[in-house]
Amino acid sequence: MTMPAGGPGSVFSQIAHSATASFSEYLARTAPELLPGARGAVSGGVQVPAGAVPHATTIVAMTFAGGVLMAGDRRATMGNVIASRHIEKVFPADQYSVLGIAGTAGIALDVTRLFQVELEHYEKIEGTLLSLEGKANRLGAMIQGNLGLAMQGLAVVPLFAGYDTDRREGRLFSYDITGGRYEEQEHHSVGSGSVFARGSLKKLWKPNLDEAAVVRVAVEALYDAADDDSATGGPDAVRQVWPVVYTVNAAGARRIPEAELAATSEAVIASRTIAGREA
Amino acid sequence: MTQQFYVSPEQLMKDRADFARKGIARGRSVMVLSCREGIALVAENPSVSLHKVGEIYDRIAFAAVGKYNEFESLRQAGVRYADVRGYSYNRGDVTARGLASVYAQSLGAVFTADTKPFEVELAVAEVGTTPAQDHLYRLTFDGSIADEKGFVVMGGQADSLSESLRGSWQESMDFPEVIRTAVAALSGGGAGENPDPGARRLSPDLLEIAVLDRDPLSSRGNRRAFRRLPAAEVAAVLGTGED
């Protein structure tokens, strides 16, 4: 009556099936109601109006000498209303990778939290870090899981960046709402202000910039995005609210301290004030 | 026709307990020690990949002796329990006490109901902001749970090792001191100036050592307190090659 050792229904396959190193797979099996958006699934193809829920906006990411940088502005909007001036949209995913989110803020924040636990869970169960490609694929699978909600107007579009410890370089990945994963070269941007940020990056970004220079490029790109996109917030010198910037290199992910960002942002504002250009 | 013989419940439980105890005593010892800098987990373990101590959550670690497949499945279950709890509530809501009571219940259920009890003994450690707030729980194969103060020794010659640690361990020690104390006890020699000449010498590659830092956020910029010490760092701590 015994099944062949590796066959379906054998003891081995039962054990292998239950022993998953993926936290989201485990949740889907044991507590699917905890997955992002699971409780809110609207039936009957109802469209959620664009101005009904907060939306996160522009994220820029770019490579630099020995690593990769990601930066996000601090604004969330609901239609024409500013929903938040302090929202953070760039997060460390683990020691060697960061994640930025654009789209429906509530679901995006849940996806981020799940992704962070996913990576940590794998590390604890397996005793080793997931490869950068592996992390990028897991994120794609999670975004694909949100496709139903995306079709109802609650899309989440992340940007993923990390340091590849095997190849010893920083790499960027962008996604579409179906979970499609695309590796980007040099730099990339997502969100409502991405078109303007991208134009800015094309002129300002150069290969092998150092960390300080690349932080400046990121702040400039976000400034340009905020200049032309009403949903993107520029550096706020009155409230002292600056973009969130993370760099990742061989030493790991590091959040650029507020003081450094204040100095860079004020320098950008000052140089543009001096230039006195109208458009 | 096979005939069922009557076995009294007392005899049944005693047999199971003896069986589990024998399995646990065969292995090598693991120590979990609280100190000024945090909690050190020291195990005698020749394998670099089959771990006896592991991370459960931000401030919680796990140590075990006994059968590897059994405690490894318990460790993974613990990680899943902690991650689900932290994900659905908040990271701060995951406590060693909650985890230890789930372990106690499952060990207890297996001990009474399954064909074979788990041949394992576990420790669940949670590092607090001061040594007084550290929690060390010892869980035995029958589901008993004990809240220990200071240190826990499991497996092998646990009783004699506890006795030797009671004389040498102090709460005010830092990590290198407490690790040296633990390794001296494991090696079978007393700690300090006059070690027993008959003592075995435990080289760093026979030791598995991890720590739970008391304040990982300010010392390493990480909320995860668990850190495995690489063999080179263990050698440096033990001063191997100097004497």
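These figures come from a predicted structure and were not determined experimentally. (Residues numbered from 1 in each chain as written. Chains lettered and ligands numbered in written order. Predicted model: local features only at pLDDT ≥ 70, side-chain atom pairs only at ≥ 80, totals over all residues.)

**Student:** Mind laying out the overall build of chain B, listing which residues take part and the relevant values?
**Tutor:** Of the regular secondary structure elements, chain B holds seven helices and 10 strands. Here the C-alpha atoms of chain B give a radius of gyration of 19 Å, agreeing with the 18 Å that 2.2 N^0.38 yields for 243 residues. Each principal axis of the C-alpha distribution contributes one length, and for chain B these read about 70 × 50 × 30 Å. Long-range contacts, defined as pairs at least 24 residues apart, comprise 62% of the intrachain contacts of chain B with a sequence gap of at least 6. (Helix = DSSP H or I, 4+ residues; strand = E, 2+ residues; numbered from the N terminus. Rg over C-alpha atoms; globule rule 2.2 N^0.38 Å. Contact = placed C-beta atoms within 7 Å.)

**Student:** Residues and numbers for the pairing of strand S9 (residues 169–175) of chain A, please.
**Tutor:** Residue and element names in this part refer to chain A. Within S9, six of the seven residues are buried, which leaves the element mostly enclosed by the surrounding structure. Inspection of the sheet shows strand S8 (residues 156–164) paired to S9 by six bridges, in the antiparallel sense. Within the sheet, the bridge partner assigned to Leu159 lies in S9 and is Ser174. Hairpin connection from S8 to S9: four residues lie between these consecutive antiparallel strands, with Arg168 at a positive phi of about 60 degrees. Alignment of S9 against strand S10 (residues 181–184), held across four bridges, turns out to be antiparallel. When the bridges of S10 are listed, Ser174 appears paired with Tyr182. (Buried ≥ 20, exposed ≤ 12 C-beta atoms within 10 Å, placed from the backbone. Pairing = 2+ DSSP bridges.)

**Student:** So, the confidence of the model for chain B: which residues are in play, and what are the values?
**Tutor:** Residues at a pLDDT of 70 or more form 93% of chain B, whose mean pLDDT is 88. We note a pTM of 0.89 for the whole complex and an ipTM of 0.88 for its interfaces. (pLDDT = per-residue confidence, 0-100.)

**Student:** Any details on the interface of chain B and chain A? Residues and values, ideally.
**Tutor:** The interface of chain B with chain A comprises nine residues on the first partner and 10 residues on the second. Here the side of chain B that touches chain A gets seven residues from one element, more than from any other, and that element is helix H2 (residues 68–88) of chain B. Split by residue class, the side of chain B that touches chain A holds three nonpolar, three polar and three charged. (Nonpolar A, V, L, I, M, F, W, Y, C, P; charged D, E, K, R; others polar.)

**Student:** How would you explain the UniProt feature "active site" (unreviewed entry) in chain A if you had to name every residue and give the values?
**Tutor:** The residues that UniProt annotates with the feature "active site" (unreviewed entry) are A:Thr57. Once residues within four sequence positions are removed from consideration, A:Thr57 is found in contact with A:Asp73, A:Arg75, A:Thr77, A:Ala102, A:Gly191, A:Ser192, A:Gly193, A:Ala231 and A:Thr232. (UniProt positions renumbered as here; feature names shortened; annotations may be inferred.)

**Student:** So what's going on with the sheet that holds strand S13 (residues 252–255) of chain A? Which residues, and what values?
**Tutor:** In sheet architecture, strand pairing relies on hydrogen bonds along the backbone and comes in two forms, parallel and antiparallel. Residues and elements named next belong to chain A. Strand order in the open sheet made by the five strands is S11-S2-S3-S12-S13, with antiparallel pairing throughout. Two strands bound the open sheet, and with one partner strand each, they are strand S11 (187–190) and S13. Across the sheet, the mean angle from the axis of one strand to that of its neighbour is 15 degrees, orientation sign disregarded. Inspection of the sheet shows strand S3 (residues 67–72) paired to strand S12 (residues 244–249) by six bridges, in the antiparallel sense. Bridging across to S12, Gly72 finds its partner in Val244. (Axes fitted to C-alpha atoms, helices over the stretch in contact; angles between N-to-C directions.)

**Student:** Can you explain the packing of helix H3 (residues 105–126) of chain A against H2(B)? Please cite residues and give values.
**Tutor:** Packing of H3(A) against H2(B) leaves a shortest axis separation of 11 Å and a crossing angle of 165 degrees. Accordingly, the angle class assigned to the pair H3(A) and H2(B) is roughly antiparallel. The handedness of the crossing between H3(A) and H2(B) comes out as right-handed. Seen from H3(A), the contacting residues are A:Arg113, A:Val117, A:His121, A:Lys124 and A:Ile125; seen from H2(B), they are B:Gln76, B:Val79, B:Asp83 and B:Tyr87. Of the residues assigned to the contact of H3(A) with H2(B), the class counts are four nonpolar, two polar and three charged. (Parallel < 35°, antiparallel > 145°, perpendicular 65-115°, else oblique. Left-handed = near helix turned anticlockwise from the far one by under 90°.)

**Student:** A description of H2(B) should follow, citing residues and the corresponding values.
**Tutor:** With 21 residues, H2(B) ought to run about 30 Å at 1.5 Å a step, and its terminal C-alpha atoms sit 30 Å apart, in line with that. Here H2(B) has its buried residues at B:Phe71, B:Leu74, B:Arg75, B:Gly78, B:Val79, B:Ala82, B:Asp83 and B:Tyr87. In this fold, the buried residues of H2(B) make contact with helix H2 (23–30) and H3 of chain A together with strand S3 (53–57), strand S4 (60–66), helix H3 (96–113) and strand S5 (120–126) of chain B. (Expected span 1.5 Å × (residues − 1).)

**Student:** Quick one: what's the story with helix H7 (residues 211–228) of chain A, residue by residue and with numbers?
**Tutor:** Relative to the 26 Å expected for 18 residues at 1.5 Å per residue, H7(A) spans 26 Å between its end C-alpha atoms, a close match to the ideal helical length. Taken together, the buried positions of H7(A) are A:Val214, A:Val215, A:Val217, A:Ala218, A:Val219, A:Glu220, A:Ala221, A:Leu222, A:Tyr223, A:Asp224, A:Ala225 and A:Ala226.

**Student:** Got a sec to walk through the environment of A:Glu184? Specific residues and values, please.
**Tutor:** When you line up the elements, A:Glu184 lands in strand S10. Look past the residues within four positions of A:Glu184 in its chain and what remains in contact with it is A:Leu172, A:Phe173 and A:Ser174.

**Student:** Outline the nonpolar core, listing residues and values.
**Tutor:** A:Ala218, B:Ala40, B:Leu41, B:Ala61, B:Val124 and B:Ala125 are the most contacted members of the largest nonpolar core, which totals 142 residues. Ignoring sequence-local partners within four residues, the contact set of B:Val124 consists of B:Ile60, B:Phe62, B:Ala96, B:Leu99, B:Ala100, B:Tyr103, B:Tyr137 and B:Leu139. (Core = buried A, V, L, I, M, F, W, Y, C linked by C-beta atoms within 7 Å.)

**Student:** An account of the pairing of strand S1 (residues 30–35) of chain B is needed here, citing residue identities and associated values.
**Tutor:** All names here are of chain B. The element S1 is largely enclosed, with a buried count of six among its six residues. With burial as the criterion, each face of S1 is covered, one bearing Val30, Val32 and Ser34 and the other bearing Met31, Leu33 and Cys35. Pairing geometry for S1 and strand S2 (residues 38–44), over six bridges, is antiparallel. Within S2, the residue paired with Cys35 across the bridge is Gly38. Following S1, the chain reverses through two residues before pairing antiparallel with S2.

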